[in-house]
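Single-letter residue listing:
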Amino acid sequence: MRRASSFTSSVLSRTFSTVHDGGAVNFNPRLLQVALFCSSRTNYSNSNSRHRWFSPLLDSFSKSSAQPVFLGLAGVVASMATAASVYAKEPPPVEIMPKEVVLYQYEACPFCNKVKAFLDYYDIPYKVVEVNPISKKEIKWSDYKKVPILMVDGQQLVDSSAIIDQLGEKILRGKTKTSVADEDEETKWRRWVDNHLVHVLSPNIYRNTSEALESFDYITSNGNFSFTEKITVKYAGAAAMYFVSKNLKKKYNITDERAALYEAAETWVDALNGRHFLGGSKPNLADLAVFGVLRPIRYLRSGRDMVEHTRIGEWYSRMEKAVGESSRIKA
């Protein structure tokens, strides 16, 4: 029994002392960045399938004398085509597309998901190496012992925001902001994601024992754990994080975790100011950052509550369509 207790203590200590995207290494609120969340992807039909669905109707109207109705229907089709183009992905030109991209990650890490949202939206093919958060043997070759790490044609990039900045400089050279104000707004909200939004998430997903178990069930099912580690981390980890989440609330002056989550969601919607995206007709880097860190929790209890009780759902659905399917290369 003593050996089992010692093993559990060792596993938890090593797992929860891991820090991602920088910061002190302690069993403390920074393990928020271990990012124990759930991810979900939705497939959407493309504009061609929509066109095929309308074709029989268009043919029937073209053979009739109901020209005004036909024109109205044609307008609807045109509107749908416009919407499809608005949400189209923005792959970089082939000549500047990286040849090999490898992401070292934890599947549920919000910062890793932020990088993946960027890669998916710009349709950059990438491979994934799932890191064991206890042994971290997959990244022993690197001096940077955290995730995400992105290898781009042999060059190591670290820290999610820095990764996006550096990769963006390589592949978005032809894209310019419409004004300095737009760039300042984008930067402001990207910082808000890193300095505020992520800190609201952990107290919510570990709010009570059932939600903590829900989170760890996803983590152990999708993470890179041995069988013994899965059992230990799921139950001992859920119990530990339930208590740690209380310290997180104190550290970040959170009284009601759900209210804080709802307030953050509403703050983001207010920032949109009626626009489809912060970037206007297309997502910018701030849109991708918010979407990335929220994507792992979207279908957990906390994420479902957030969508049900705030106005963020419509924006989130638009982002799912805009980002589309993952550009991850299947092993």
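Residues numbered from 1 in each chain as written. Predicted model: local features only at pLDDT ≥ 70, side-chain atom pairs only at ≥ 80, totals over all residues. Heavy atoms only, no water.

Asks: So what exactly am I meant to see when it comes to the packing of aromatic side chains here?
Replies: Each aromatic ring pair is specified by the distance between its two centres and by the angle formed by the two planes. With the rule as written, the count across this model stands at 11 aromatic pairs. Ring centres of Trp 189 and Trp 192 lie 5.1 Å apart, and the angle between their planes is 70°; on these two criteria the pair is classed as edge-to-face. Residue Trp 189 and its partner Trp 192 are both found in helix α6 (residues 180–205); the two are separated by 3 residues, about one turn of the helix. Summarising the burial analysis for this pair, Trp 189 and Trp 192 share the class buried. Ring pairs connect the aromatic residues Trp 189, Trp 192, Trp 268, Phe 291, Trp 315 and Tyr 316, which therefore count as one cluster. (Phe/Tyr/Trp six-rings, centres within 6.5 Å; stacked < 30°, edge-to-face > 60°. Helix = DSSP H or I, 4+ residues; strand = E, 2+ residues; numbered from the N terminus. Buried < 20%, exposed > 50% of the residue type's maximum accessible area, 1.4 Å probe, protein only.)

Asks: What's the story with the sheet that holds strand β1 (residues 101–105) in this structure? I'm lost.
Replies: The strands making up a sheet associate through hydrogen bonds between their backbones, and the pairing can be parallel or antiparallel. One open sheet accounts for 4 strands, arranged β2-β1-β3-β4; its pairing is mixed. The sheet is open, and its two borders are formed by β2 (127–130) and β4 (155–158), each paired with just one other strand. Averaged over neighbouring strand pairs, the angle between their axes works out to 20° when direction is ignored. (Pairing = 2+ DSSP bridges. Axes fitted to C-alpha atoms, helices over the stretch in contact; angles between N-to-C directions.)

Asks: Teacher, can you tell me more about the environment of Glu 214 here?
Replies: Mapped onto the fold, Glu 214 is located in helix α7 (residues 209–222). Among all residues touching Glu 214, those that are not within four sequence positions of it are Tyr 299, Leu 300, Arg 301 and Arg 304. In this structure the side chain of Glu 214 is engaged in a polar contact, spanning 3.2 Å, whose partner is the backbone nitrogen of Arg 301. (Contact = heavy atoms within 4.5 Å. Polar contact = N/O pair within 3.5 Å; in protein donor to acceptor, adjacent residues only side chain to side chain.)

Asks: Honestly, the nonpolar core in this entry has me stumped. Any pointers?
Replies: One broad trend across soluble globular proteins is that nonpolar side chains are buried collectively. Within the largest apolar cluster, 78 residues are counted, with the highest numbers of intra-cluster contacts made by Phe 118, Leu 119, Leu 150, Trp 268, Leu 294 and Trp 315. Filtering out sequence-adjacent residues up to four positions away, Phe 118 remains in contact with Ile 124, Ile 164, Leu 167, Gly 168, Ile 171, Leu 172, Leu 285 and Leu 288. (Core = buried A, V, L, I, M, F, W, Y, C linked by side-chain atoms within 4.5 Å.)

Asks: Explanation requested: the side chain of Asn 132 in the structure shown.
Replies: On the secondary structure map, Asn 132 appears in the loop between β2 and β3 (149–152). Judged by its relative accessible area of 6%, Asn 132 is buried. For Asn 132, the side chain forms a polar contact with the main-chain nitrogen of Ile 134, separated by 2.7 Å. In this structure the side chain of Asn 132 is engaged in a polar contact, spanning 2.8 Å, whose partner is the backbone oxygen of Asn 224. With near-sequence residues (within four places) excluded, Asn 132 lies in contact with Tyr 106, Glu 138, Asn 224, Phe 225 and Glu 229.

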